[in-house]
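A look at the structure
Take a look at the letters that make up each chain.
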Number of protein chains: 2
Amino acid sequence: MSGESEQSLPLEEQQVSKKAAKKQAAKEEKMRRRQEHALSSSAASLSIDEEDPHSHNYGDVPLLELKSCSDPDAGNWSRAINGKEWTEVFALTDKLKDTEVLIRGRVYTTRPVSKKMAFLVVREKGFTVQCLATINTEGISTQMVKFVAGLNRESIVDMIGVVSVPEKPITSTTQQVEIQLKKVYCVNKALPNLPINIEDAARSEVEIEKALQAGEQLVRVNQDTRLNFRVLDFRTPANQGIFRIQSQVGRIFRDFLYSEGFVEIHTPKLIAGSSEGGSAVFKLDYKGQPACLAQSPQLHKQMSICGDFGRVFEIGPVFRAEDSYTHRHLCEFTGLDVEMEIKKHYSEVMDIVDRLFVAMFDSLNENCKKELEAVGRQYPFEPLKYKPQTLQLTFEEGVQMLKDAGVEIDPLGDLNTESERKLGQLVLEKFGTEFYILHRYPLAVRPFYTMPCFDNPLYSNSFDVFIRGEEIISGAQRLHEPDVLTERAKTCGIDVNTISTYIDSFRYGAPPHGGFGVGLERVVMLFCGLNNIRKTSLFPRDPLRIAP
Amino acid sequence: MSGESEQSLPLEEQQVSKKAAKKQAAKEEKMRRRQEHALSSSAASLSIDEEDPHSHNYGDVPLLELKSCSDPDAGNWSRAINGKEWTEVFALTDKLKDTEVLIRGRVYTTRPVSKKMAFLVVREKGFTVQCLATINTEGISTQMVKFVAGLNRESIVDMIGVVSVPEKPITSTTQQVEIQLKKVYCVNKALPNLPINIEDAARSEVEIEKALQAGEQLVRVNQDTRLNFRVLDFRTPANQGIFRIQSQVGRIFRDFLYSEGFVEIHTPKLIAGSSEGGSAVFKLDYKGQPACLAQSPQLHKQMSICGDFGRVFEIGPVFRAEDSYTHRHLCEFTGLDVEMEIKKHYSEVMDIVDRLFVAMFDSLNENCKKELEAVGRQYPFEPLKYKPQTLQLTFEEGVQMLKDAGVEIDPLGDLNTESERKLGQLVLEKFGTEFYILHRYPLAVRPFYTMPCFDNPLYSNSFDVFIRGEEIISGAQRLHEPDVLTERAKTCGIDVNTISTYIDSFRYGAPPHGGFGVGLERVVMLFCGLNNIRKTSLFPRDPLRIAP
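Residues numbered from 1 in each chain as written. Chains lettered and ligands numbered in written order. Predicted model: local features only at pLDDT ≥ 70, side-chain atom pairs only at ≥ 80, totals over all residues. Heavy atoms only, no water.

Quick note on the threshold: UniProt positions are given in the numbering used here, feature names are shortened, and annotations may be inferred rather than shown by experiment.
For chain A, the name recorded in an unreviewed UniProt entry is aspartate--tRNA ligase, with Rubroshorea leprosula as its organism. Taken directly from UniProt, the Sequence similarities (unreviewed entry) text for chain A runs: "Belongs to the class-II aminoacyl-tRNA synthetase family. Type 2 subfamily." The Catalytic activity (unreviewed entry) field of the UniProt record for chain A holds the comment "tRNA(Asp) + L-aspartate + ATP = L-aspartyl-tRNA(Asp) + AMP + diphosphate".

This is the structure we're talking about:
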């Protein structure tokens, strides 16, 4: 057994391990003292019950024995599992009947039946399996049953046991087999009283309401508690789903753009000056110079286009020091940014948006079924309604639709959250889609670098994109002529000296171009019909929160 | 022709365009005034020569005519190219002989032969083609020849012409055809005197030296000038190659990790407190609270592992306020970070490093041949020597190799840049590889969260990875036991109150885990044998530079 283990280690390590063993012998005393200083010895003591002849089959694993097993004398636990294959909980099926397996997982629940028998449900990556410790199994003592029954929830345990298939289906676990335990070691002990119980955190509002009607008050974990103990909150099936979906959104975004000839760039987040042509920036001191954090990669991605990269994208943090206390604003979020040369028309950019997002939604529905189900179990939602080719409406058409529905808005002003929602409803009723592009926005409500419409400079070659009545994307063709750009900046009240390098970039020959920016957290939130962007940000930052 | 163009536009836009046209008529006078206010009218005037009957075949395109062509009366130029297919310069081959093509590119050089004839070389994505304007072609005037000859370098031009195949090969361009020009429009005019000449910026040291020996002094563009005018510097073939290679590194990194079951995460860059357990941080005010920029995603990626994501990675900016004025340090760089559960041994992490980077190097050599050649033409380098399975040496072995070569270093200290380089040389001589892993570093030189070795707590389960004698990766198994972690933090002089949330993450059951961090810019720099990290950062940030 130890031979197998040694072969799996790099040759160099074995040699040194042997060399080291010799050298170590002489220095042992000195080492021990240094070791005691370096490590808390309390955590490294195995809780062996001297009166139990089977005490080697269970217990808390001391920290240092988790390390290399190149030394066959490193400890009983290390030796016992050397060279064995690990089996993941999801792979525990009746095909493995009567096989001995080695598993690592979290204690989900324990249930002592008697002094002679205890159940243990273990969870790994959302899959659960029931394990049984009984003194009917050889080598299992009542002390071990007690140890198993007393394991703290969420502790990490390593187990060796034999797979059996019970006659009746097990309703409380995902896996339909039972593990007859032979050895159980606690690798990392959780606190006995956790600030959040995973079962509570995973509960849906529907369940809570239903229980309430039946006279039972179930625990509801509020948003702040979840975020304060995010590490526990992450472990709910819904959160496991949300962040795996988020990862997929990034993956699909990139894969689509790579296939269209885009180059990934990384623009700086540290920007000289204290304004970046706008307010609401985080300011800082950069080696004695005033600096701020980038509110978007806008200027640098356009400069990359002027540098002949043709088509670029970036995925990176975006910083907004705004005092927005809404369900959809964060002070730091992940921006998905695109910029590209265009030949003639800003519809070339909208065409990328159309195909990219339709491909994304198709892929999520196809490849994230399990994750979407997990999210939906806790936060029920209807699948997003979208068309194979994305609906495009002009701003003027949108205004008219609102007007026809009795909502009067300034035809050259911006939509507010309320009118965006209303328009979303009207579009859904009329066109049967919850994903659409609204373009030709009034120039006055867009950034200074936006290209006006050729036929009417009160409008612009710009667009927003909506999911379920909320904006997720903003895009436009940009001004690529430095003098016009300068004029527009001045008109918008921007000190052109602070953006002179940016403006100068267009003096060396600049191709017509456009692009867009997407908020990753918003895409996930709205695709999954969630009600708060804090649910789709790993460690959200808002005006009241900068921890954990 | 205009019909074709209209069909390619969204239906909505056509309708509104017509509606708008009617409304516009009444408001025309009002609009014109608003338009004059919104835009600099000087940039929107076509430079038509009234005395030339062929003046519609060339000229500067006014800004507003680049927009939508849904209005067939938007201008001669717009109508002329409606519905035509664009041909990229790289696609201009003898297969297109006698075909009329529409091209957009940059003016690379112009060469007037006489009043009747001028050559124009145009560049697109690194490919160049020669174009000829001659009055022998119908519709071409001497004024047009003059216009072509007078185009500023780097200006963006749209051209219509017929492909011809000259008898003699053209040595000065990549494409072996010539375009007989019919129409030439300047879409965006570059300044007549550019701060950097692309030819100068693209020149290799070898060329400069060779010319010098022949008595000719060629322009050498220094690093600071390049970075000040980065938009021009980007346009050299070497830089086009470097940043396309960088994009590929990110792509291969992600694809490999996705295929191994990793989840991409985005951790916050805004961190509470003013130290993050270290010095050299950028501090800022976060809504009245002290905050700083993340020096690495270390703590949050570990917390994600405690949150059961199993295996995670992140690509994002990393901020270091260090006063390092070396060829390999930046104040902001792109970190490629990995963190993963481990079953037994930190070699599981090194195994990912090994397979990931070997796959990366293989893929770069296979799929970025053109880009690597372009880099090598300006900055000659030898292809990286690496093995199908990455060499692993222990720190002790490394120290011994240095000792054998007469270099004495502290066996429990860190390697300095010089000894790293020396060891790189020795490893290359002995093992024939420039890429290797050095592991079991002395604990004292690693961060407080590093796991000590089970057999000797003076060493640690950590590793660095080297390319061409320089460190690119740092990794380790982490301490997952909160009390030991606290002890180690104290020993290392860290105020544990500032990292209490991090330490608490391990109190709710924490799996053994490890990971590593890579500097993207260093990978590209060292793979391509470049001498300065500023060459592989899009817009580098160092203690003396925060612009552009």
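1. Points about the overall build of chain A
Heads up, the rule is: Under the DSSP-based scheme used, a helix requires at least four consecutive residues in state H or I and a strand at least two consecutive residues in state E, with every element numbered from the N terminus. To sort residues, take the accessible area from a 1.4 Å probe on protein chains only and compare it with the maximum for the residue type: under 20% means buried, over 50% means exposed, and anything in between is partly exposed. We call two residues in contact whenever any of their non-hydrogen atoms come within 4.5 Å of each other. Accessible areas in this description were obtained via Shrake-Rupley with a 1.4 Å probe; residue shielding takes into account the shown protein chains only.
The secondary structure content of chain A amounts to 17 helices and 17 strands. Evaluated residue by residue, chain A yields a buried proportion of 60% over its 548 residues. Taking all contacts inside chain A whose residues are at least 6 apart in sequence as the whole, residues at least 24 apart take part in 68%. A total of about 21,800 Å² of accessible surface is found on chain A, and carbon and sulfur atoms cover 49% of it.

2. Brief notes about the interface of chain A and chain B
Definition in use: Throughout, buried area stands for the accessible area (probe radius 1.4 Å) lost by two parts on being put together, summed over both. Salt bridges are counted wherever a side-chain nitrogen of Lys or Arg sits within 4 Å of a carboxyl oxygen of Asp or Glu. Definition of a polar contact: a pair of N or O atoms within 3.5 Å, with one able to donate and the other able to accept a hydrogen when the atoms are protein atoms, and with sequence-neighbouring residues admitted only if both atoms are side-chain atoms. Gly falls in the polar group here, along with every residue not listed as nonpolar (Ala, Val, Leu, Ile, Met, Phe, Trp, Tyr, Cys, Pro) or charged (Asp, Glu, Lys, Arg).
Listed per partner, the contact involves 142 residues of chain A and 144 residues of chain B. Buried surface at the junction of chain A and chain B, summed over both partners, amounts to about 12,500 Å²; 62% is from carbon and sulfur atoms. The partner of Asp308 of chain B in a salt bridge is Arg106 of chain A, and the shortest N-O contact between them spans 2.8 Å. The tally of links from chain A across to chain B stands at 51 residue pairs in polar contact (both at pLDDT 80 or more). Classifying every residue of the side of chain A that touches chain B by side-chain character gives 69 nonpolar, 35 polar and 38 charged.

3. Re the relation of the copies chain A and chain B
Definition in use: The superposition of copies rests on a least-squares fit of C-alpha positions from residues with pLDDT of 70 or more in both.
Note on the copies: chain A fits chain B at an RMSD of 0.1 Å, the axial shift is 0.0 Å, and the rotation between them is 180°. On this basis, the relationship between the two copies can be described by a two-fold rotation axis. Considering only C-alpha atoms, the residue of chain A closest to the rotation axis is Leu284 of chain A, which sits at 2.5 Å. Most of the interface of chain A is mirrored in chain B, where 100% of its interface residues again form contacts.

4. Quick notes on the side chain of Asp308 of chain B
Note that Asp308 of chain B resides in the loop between α10 (298–306) and β11 (311–319). By relative accessible area, which is 10% here, Asp308 of chain B ends up buried. With near-sequence residues (within four places) excluded, Asp308 of chain B lies in contact with Arg106, Arg123, Arg235, Gln240 and Arg244 of chain A.

5. Here's the deal with the sheet that holds strand β12 (residues 332–341) of chain B
All names here are of chain B. Going by this rule: Any two strands are treated as partners once DSSP identifies two or more bridges connecting them. In this analysis, axes come from line fits to C-alpha atoms, helices being fitted only over the stretch in contact, and the angle between any two N-to-C directions falls in the range 0 to 180 degrees.
Ordered by their spatial adjacency, 8 strands build an open sheet running β7-β11-β12-β17-β16-β15-β14-β13, and the pairing between neighbours is mixed. Two strands in the sheet have a free side with no partner beyond their single neighbour: β7 (263–264) and β13 (391–394). Here β12 pairs with strand β17 (residues 513–519) via 7 bridges, running antiparallel. Looking at the pairing, Glu339 lines up with Gly515 of β17. Sitting on the sheet, helix α9 (residues 237–259) touches β7, β11 and β12, and the angle it makes with β11 is about 155°.

6. As for the packing of aromatic side chains
Under the convention used in this document: Here the aromatic set is Phe, Tyr and Trp, taking the six-membered ring for Trp, and pairing holds for ring centres within 6.5 Å; pairs whose planes are under 30 degrees apart are stacked, those over 60 apart are edge-to-face, and all others are tilted.
Counted according to the given criterion, the structure contains 39 aromatic pairs over all chains. Note on Phe309 of chain A and Phe234 of chain B: the rings are 5.2 Å apart at their centroids and 65° apart in plane angle, and the pair reads as edge-to-face. Taken together, the residues Phe309 of chain A in the loop between α10 (298–306) and β11 (311–319) and Phe234 of chain B in the loop between α8 (230–233) and α9 connect one chain to another. Each member of the pair, Phe309 of chain A as well as Phe234 of chain B, is classed as buried. When the centroid spacing of 5.2 Å and the interplanar angle of 75° are considered together, the rings of Phe448 of chain A and Tyr449 of chain A count as edge-to-face.

7. Some remarks on unusual backbone geometry
Across the junction of Ala547 of chain A and Pro548 of chain A, the peptide omega takes the value 0°, indicating a cis bond. Summarising the element assignment, Pro548 of chain A is placed in the segment after α17 (520–527). Look at Arg440 of chain B: it is not a glycine, yet its phi comes out positive at around 60°. When you line up the elements, Arg440 of chain B lands in the loop between β14 (435–439) and β15 (462–467).

8. Structural notes on the packing of α9 of chain B against helix α17 (residues 520–527) of chain B
Residue and element names in this part refer to chain B. What counts, and what does not: Convention used here: angles under 35 degrees read as roughly parallel, angles over 145 as roughly antiparallel, angles from 65 to 115 as roughly perpendicular, and any remaining angle as oblique. For any helix crossing, the convention is left-handed if the near helix is rotated counterclockwise from the far helix by under a right angle, and right-handed if that rotation is clockwise.
Here α9 crosses α17 at 120°, and the two axes come no closer than 10 Å. By the angle between their axes, α9 is oblique relative to α17. The hand of the α9/α17 crossing is right-handed. Mapping the contact onto sequence places Ile242, Ile245, Gln246 and Val249 in α9 and Leu520, Glu521, Val523 and Val524 in α17. In terms of residue class, the contact of α9 with α17 is built from 6 nonpolar, 1 polar and 1 charged.

9. Details of the sheet that holds strand β13 (residues 391–394) of chain A
All names here are of chain A. Strand order in the open sheet made by the 8 strands is β7-β11-β12-β17-β16-β15-β14-β13, with mixed pairing throughout. Each edge of the open sheet carries a strand with a single partner, namely β7 (263–264) and β13. Both β13 and strand β14 (residues 435–439) contribute to a ladder of 4 bridges, which runs parallel. Bridge pairing in β14 links Leu393 to Leu438. Along the sheet, helix α11 (residues 347–367) makes contact with β11, β12 (332–341), β13, β14, β15 (462–467), β16 (470–477) and β17 (513–519), crossing β17 at roughly 30°.

10. Digging into the pairing of β12 of chain B
Residue and element names in this part refer to chain B. Most of β12 sits inside the fold, with 9 of its 10 residues counted as buried. As judged from the 9 bridges shared by β11 and β12, these two strands associate in the antiparallel manner. Bridge assignment links Gly316 to a residue of β12, and that residue is Gly335.

11. Quick notes on the packing of helix α9 (residues 237–259) of chain A against α11 of chain A
Residues and elements named next belong to chain A. Close contact between α9 and α11 brings their axes to 10 Å; oriented N to C, the two are set at 135°. As the angle between them shows, α9 and α11 are arranged oblique. Here the hand of the crossing between α9 and α11 comes out right-handed. Every residue of α11 that contacts α9 at Ile245, Gln248, Val249, Ile252, Phe253, Phe256 and Leu257 is listed here: Ile352, Arg355, Leu356, Ala359, Met360, Ser363 and Leu364. Looking at the contact of α9 with α11 residue by residue, the classes come out as 11 nonpolar, 2 polar and 1 charged.

12. Some thoughts on α17 of chain A
Count 3.6 residues to each turn of an α-helix, and residues three or four apart come out pointing the same way. All names here are of chain A. Taken across its 8 residues, α17 has 8 buried, putting it largely inside the fold. Of all the residues in α17, the buried ones are Leu520, Glu521, Arg522, Val523, Val524, Met525, Leu526 and Phe527. Two residues or fewer past α17, Gly529 is found with a positive phi of approximately 60°.

13. Things to note about the environment of Tyr286 of chain A
Relative to the assigned elements, Tyr286 of chain A resides in strand β9 (residues 283–286). It is 9.1 Å that separates the C-alpha atoms of Tyr286 of chain A and Ile271 of chain A, two residues lying 15 residues apart in sequence. Tyr286 of chain A has contacts with Leu270 and Ala291 of chain A together with Phe282, Cys331, Arg541, Asp542, Pro543, Arg545 and Ile546 of chain B, leaving out every residue within four places of it along the chain.

14. Some thoughts on the environment of Glu216 of chain B
Mapped onto the elements, Glu216 of chain B comes out in the loop between α6 (205–213) and α7 (223–228). Measuring from C-alpha to C-alpha, the distance between Glu216 of chain B and Gly288 of chain B comes to 61 Å, with 72 residues separating the pair along the chain.

15. A closer look at the pattern of salt bridges
Summed over all chains, the structure comprises 74 salt bridges over all chains. Arg254 of chain A serves as the salt-bridge partner of Glu264 of chain B, at 2.6 Å between the closest nitrogen and oxygen. With Glu264 of chain B in strand β7 and Arg254 of chain A in helix α9, this pair bridges two chains. Of the charged contacts in the structure, one is a salt bridge between Lys287 of chain A and Asp323 of chain B, with a shortest N-O distance of 2.8 Å. One end of the pair, Lys287 of chain A, is in the loop between β9 and β10 (289–293); the other, Asp323 of chain B, is in the loop between β11 and β12, on a second chain. Classification of Asp323 of chain B by relative accessible area gives exposed; the value is 53%.

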